[in-house]
Amino acid sequence: MTEQIGIKIENGSIVVNDAMCEETVTIKTCNNINLYVNDNEVPYGVNYPITSLDKIKYTSYTEQPSKSMKLIVSEDKLEARLIITYKNGLTYKLQDSPICKNISLAAEKVEIECREKYSIIDIKNYLNEQGVVYGIHINKILMCLNGTDENGIIVASGVKCIDDIPKRLKMIVDTKEKKLNNENSEFVDYRNMIQMPNVESGQTIAVVEDRVEGNDGCDVFGNKLKKKTIKDPQNLIGSGCRIEGRNVIAVQPGRPMFKANRLIIQSVINVDAVNIETGNINFAGDVNVRGRVYEGSEIRCCALDVSGAVDRSKIISNGNIVIHSVVLNSVILAAEYNIERSEYLKVLKEVENDVNNIISETQILIEKTEGQKSIGTIVQFLTEQRYKCLTKRCISIITYNIKNGITDSEGLEFIRTKVLNMGTVNIKDIDEIKRFHNVIKDIIEDISREKELKVDCTVGYAQGSNIKATGNITITGSGCYQTNIYAGGNITFENEAAICRGGILQSRDGNIKLSQVGSEASIKTVIECCNEKAVIEAKEAFANTTFIIGNRRLILKDNCRNIRLFIDHDEDTIKYELLKR
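Residues numbered from 1 in each chain as written. Predicted model: local features only at pLDDT ≥ 70, side-chain atom pairs only at ≥ 80, totals over all residues. Heavy atoms only, no water.

On to the overall build of the protein chain. Secondary structure assignment for the protein chain yields 7 helices and 47 strands. Over its C-alpha atoms the protein chain spans a radius of gyration of 40 Å, topping by over 25% the 25 Å that the globule rule assigns to 581 residues. For the protein chain, the C-alpha atoms occupy an extent of roughly 140 × 70 × 60 Å along the three principal directions. Taking all 581 residues of the protein chain together, the buried fraction comes to 41%. Considering only intrachain contacts with a sequence separation of at least 6, the fraction spanning at least 24 residues in the protein chain is 43%. Here the protein chain has roughly 32,500 Å² of accessible surface; of this, 46% comes from carbon and sulfur atoms. Separation between the mean location of the 74 positive side-chain charges and that of the 79 negative ones in the protein chain comes to 4 Å. (Helix = DSSP H or I, 4+ residues; strand = E, 2+ residues; numbered from the N terminus. Rg over C-alpha atoms; globule rule 2.2 N^0.38 Å. Buried < 20%, exposed > 50% of the residue type's maximum accessible area, 1.4 Å probe, protein only. Contact = heavy atoms within 4.5 Å. Areas by Shrake-Rupley, 256 points an atom, 1.4 Å probe, with all protein chains shown as cover. Lys, Arg positive; Asp, Glu negative; His and termini not counted. Charge placed at Lys NZ, Arg CZ, Asp CG, Glu CD.)

Right, here's the structure in full:
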């Protein structure tokens, strides 16, 4: 039997049988296989002639198995996750083929298992290289040895620091006002819409809770996390109450409330009207005015309820204001303490920024002058030439503190001796300015920690007035004309026929809901929400009305009805859509 002439693939090897004859046999390579004949690489796709005397070999494309470790540390550095990935390798093997004179090679993929795994020692060494030395969980490391999913496994945990909780009051009675529900009544009594909380003399109104000490923490890198040490307040209560054991007892009937973080009891007075006969009212408690507030009057109180009109007057309160009738050419300030505190905080931040810049520039000028100029001389030059407002701001700080009964402190002493009356020349050391800078920063931190008192204001109609409140402002009647309104919360016009024409309406944190806004005569009307997430709604808005949300501005070109304005963050502009009515 004659032996067949040709080439075959057997067990991954290339076998040539040409019986030393002159008949030509050829071979053609394939993807992922590099074929060599007599050490020369065979071009891809070419039928290459060979004989049994040729030296034939091939190599396969190969990817070796791999492994990797990745550490992810949380932003607060209290958690470390380990991701371990094992990846198998691959290579290609020639497929067996029967003998033929012209053969085309074919290859099949062969997976190479990753057998080399990480050990506990490998992982611990890796964590140590990354600086993770605290809170390591050996049991979690064992779970990682065979690999993890894409989320990894927590292999180290830090300890969160817990701040001190100072001595405080737990209220037994409510300190918030309650709005009565008159929706089911045939007639709405606007004089009794809001019910103020009241307590009787001798009533227990709160319990003193003991101080709780916090503890320091530690992150996964072994860094100590220092807790905030918070001192106990010097006084938990003010006028109108006393402490017996752990109980806080009211010593007079009135309204419980917090003022400057102290619990006090404020009583209530009732008057028929405020005019030249009664004189101005300056009262620490609540005031109910059964009639009107006449021209030229001034009221300073906690909460205020006025049944009649307010004409050319000034009202300052630290509680909610309800004016059932009209407000004409008047100033209404709800939450005077918070408004003053906000202005004081703004001044402090400006002074802190000025002093910080003065420290930096003083250090630069000391180096440039090579010590030839004294620190006092350099600081005086900076305050006179570049920071001219610093003296005025420091005077405002002194004024605010004296008004609140504070006449002596480290910060005030520095202002008196080192800032005012050319006192900057007395500064001998840069550390003096740095200490003053730290004092201002501490005051800012303390004030910022205080919770702002949200105070609401409700009026029937307003004209030619300025109204401010840290909470919500509600217009219940026919609207407002040429009136500026500022609210920390929402501004709402309850009457569907209410008109807002002229003036500026501004909400810091809330939304604004209007009925009719602007006018056909294009009277300038500005509606502004400082919060970028806020929404403005209007039943009818006239052209030339300006709407502002965040720092984006839109002026209506045409009259619109039933619109809702908001910021489209994709296009970074104000857009409006029609409301479903």
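Next up on the list: the sheet that holds strand β14 (residues 153-157). The strand order β8-β9-β14 describes an open sheet built from 3 strands, whose pairing is antiparallel. At either margin of the open sheet sits one strand with a lone partner, and together these are β8 (66-73) and β14. The sheet shows a mean angle of 25° between the axes of neighbouring strands, taken without regard to direction. With 8 bridges connecting them, β8 and strand β9 (residues 79-87) associate as antiparallel partners. The partner of S68 across the bridge, within β9, is T85. Along the sheet face, helix α1 (residues 120-129) touches β8, β9 and β14 and points at about 45° away from the line of β8. (Pairing = 2+ DSSP bridges. Axes fitted to C-alpha atoms, helices over the stretch in contact; angles between N-to-C directions.)

On to the environment of V220, then. Among the secondary structure elements, V220 is positioned in the loop between β19 (217-218) and β20 (224-225). Each C-alpha atom of the pair V220 and Q252 lies 55 Å from the other, and the pair is 32 residues apart in sequence. If we skip the residues at most four places from it in the chain, V220 touches V73, K77, L78, E79, A80, G131, V132, V133, Y134, A156, S157 and G158.

What follows covers the pattern of salt bridges. Per the stated rule, a full pass over the model turns up 26 salt bridges. For K67, the salt bridge goes to E116, with nearest N and O atoms at 3.6 Å. With K67 in strand β8 and E116 in the loop between β13 (107-112) and α1, the pair connects residues that are 49 residues apart, well separated along the chain. K67 sits in the partly exposed class, given a relative accessible area of 28%. Since its relative accessible area comes to 57%, E116 is described here as exposed. Among the ionic contacts, a cluster of salt bridges with common partners joins D164, R211, E213, K227 and D232. (Salt bridge = Lys/Arg side-chain N within 4 Å of Asp/Glu carboxyl O.)

For α1, the full list of buried residues reads I123, Y126 and L127. In a view along the axis of α1, the buried residues occupy a sector of 100°, so they form one face of it. For α1, the exposed residues set more than 90 degrees away from the buried face come down to I121, N128 and E129. Those residues of α1 that are buried are in contact with β8, β9, α2 (138-144) and β14. (Arc of directions from axis to C-beta.)

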